[in-house]
Amino acid sequence: MTFSEFIHMGGYGFYVWTSYALTLIVLLANILSPIFLKRKVLKDITTKAQRATRLQQ
Amino acid sequence: MASPKYFYSIAGTLIPWIGSACLLLTLAGLYYGLLVAPADYQQGDSYRIMFVHVPAAWMSLFIYMVMAVAGAIGLIWRIKLAEVIAISSAPIGASFTFLALITGSIWGKPMWGTWWVWDARLTSELILLFLYLGIIALYNAIEDKRTAARATSILAIVGVVNIPIIHYSVEWWNTLHQGPTVTKFDAPSIDISMLIPLLLMAGAFKLFYAFVLLMRARCEVLNRERNTQWVKKLAGIS
């Protein structure tokens, strides 16, 4: 099997590769989302704590 | 044992191991699925969509059941960690449901000649997506997270009625969607060269769920335990 045959997928290349690309996008989004979420939560905790100390002063 | 602090640290240790195992299984599954397995005698190479479509669809049901069971445990025994697992599962399950629908649609176009039909399997899977989205919306709409968890758990448990409908839809109603080929009681009617990559990918998707579930659950734990000493220390205050 040559590389171009592999990409061609017997005429179904568009459908097969679109499916796999969408899968990759969805999986990556699932990995990135909690990474950003963690950053957001930690930032939220520190800003609220800073506001609380400012109010005490 | 199920204390949030302990969970946070043990999950942190497990995540890279589960992620690596998932990556290995994925690579093996892709190798056997795209390079080793022969073309199908009826569907040509288009059937290779199955290796992402079927595991995604299985996960959409599996994650829903995990969410409903964890939700029920949270409701009955008031275990915080069960609530965290339930609510962290929702967006992951929604994304797998979306993936099952979209890859099915892309597979349906060349095989059935249409992107979409309103038949039992496709419609019940679409309802599953709406259930997931409803659960996420309900959780975010309620300020107090423990009340929110209770409300979403009840919705999740009620929605379980949809799960057998999805599973048996291809047997109960006439549909374009093909019947089960793996979970039949007699021997699976799928060739071993195609079964191996399918099972590898199914395993990889399960590990992926565990991988991202732990990451999400850790965020949820941080958010809920924000007033405790260990989270404050972790966030760099006090």
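Everything below is about the structure printed above this text.
Just so you know, these numbers come straight off a predicted model, no measurement behind them.

Draft legend 1. Summary view of the overall build of chain B. In terms of regular secondary structure, chain B is built from eight helices and zero strands. In chain B, the succession of helices and strands from N to C terminus is α-α-α-α-α-α-α-α. When the backbone C-alpha atoms are referred to their principal axes, chain B occupies close to 65 × 35 × 30 Å. Going through the 238 residues of chain B one by one, you find that 39% of them count as buried. At a minimum sequence separation of 6, the contacts of chain B that also span at least 24 residues come to 78%.

Draft legend 2. Broad picture of the overall build of chain A. Looking only at helices and strands, chain A has two helices and zero strands in total. For chain A, whose C-alpha radius of gyration is 23 Å, the value lies well above the compact-globule estimate of 10 Å for 57 residues. For chain A, the C-alpha atoms occupy an extent of roughly 75 × 15 × 10 Å along the three principal directions. Of all 57 residues assigned to chain A, the portion counted as buried reaches 18%.

Draft legend 3. How the structure looks around the interface of chain B and chain A. At the interface, 31 residues of chain B touch 24 residues of chain A. Elements with a minimum of two residues in the side of chain B that touches chain A: α2 (50–77), α3 (80–112) and α7 (192–224) of chain B. It is α3(B) that contributes the most residues to the side of chain B that touches chain A, 10 residues altogether. Partitioning the side of chain B that touches chain A into residue classes produces 18 nonpolar, seven polar and six charged.

Draft legend 4. Spotlight on unusual backbone geometry. The backbone phi angle of Met9(A) is positive, close to 50 degrees, even though this residue is not glycine. Considering the arrangement of structural elements, one finds Met9(A) in the loop between α1 (3–8) and α2 (13–56). At Arg78(B), a residue that is not glycine, the phi angle is positive and equals roughly 55 degrees. Mapped onto the elements of the fold, Arg78(B) is located in the loop between α2 and α3.

Draft legend 5. The environment of Ile15(B), seen in detail. Residue and element names in this part refer to chain B. Position of Ile15 among the secondary structure elements: in helix α1 (residues 4–36). Judged by C-beta crowding, with 18 C-beta atoms within 10 Å, Ile15 ranks as partly exposed. Spatially, the C-alpha atom of Ile15 lies 26 Å from that of Ile237, the residues being 222 residues apart in sequence.

Draft legend 6. α2(A), seen in detail. Here α2(A) contains 44 residues, and its C-alpha end-to-end distance of 64 Å stays within 8% of the 64 Å for a straight helix at 1.5 Å per residue. Among the residues making up α2(A), those that are buried are Tyr15(A), Val16(A), Ser19(A), Thr23(A), Leu27(A), Asn30(A), Pro34(A), Val41(A) and Ile45(A).

Draft legend 7. The packing of α3(B) against helix α5 (residues 145–159) of chain B, seen in detail. All names here are of chain B. Two elements in contact, α3 and α5, have axes separated by 10 Å at closest approach and are oriented at 60 degrees. As summarised for this structure, α3 and α5 are arranged oblique, according to the angle between their axes. The hand of the α3/α5 crossing is left-handed. Across the interface between the two elements, Glu83, Ala86 and Ile87 from α3 touch Ala149, Thr152, Ser153 and Ala156 from α5.

What counts, and at which threshold
- Residues numbered from 1 in each chain as written.
- Chains lettered and ligands numbered in written order.
- Predicted model: local features only at pLDDT ≥ 70, side-chain atom pairs only at ≥ 80, totals over all residues.
- Helix = DSSP H or I, 4+ residues; strand = E, 2+ residues; numbered from the N terminus.
- Buried ≥ 20, exposed ≤ 12 C-beta atoms within 10 Å, placed from the backbone.
- Contact = placed C-beta atoms within 7 Å.
- Rg over C-alpha atoms; globule rule 2.2 N^0.38 Å.
- Nonpolar A, V, L, I, M, F, W, Y, C, P; charged D, E, K, R; others polar.
- Expected span 1.5 Å × (residues − 1).
- Axes fitted to C-alpha atoms, helices over the stretch in contact; angles between N-to-C directions.
- Parallel < 35°, antiparallel > 145°, perpendicular 65-115°, else oblique.
- Left-handed = near helix turned anticlockwise from the far one by under 90°.

Remember that the coordinates give geometry; whether it matters functionally is a separate question.
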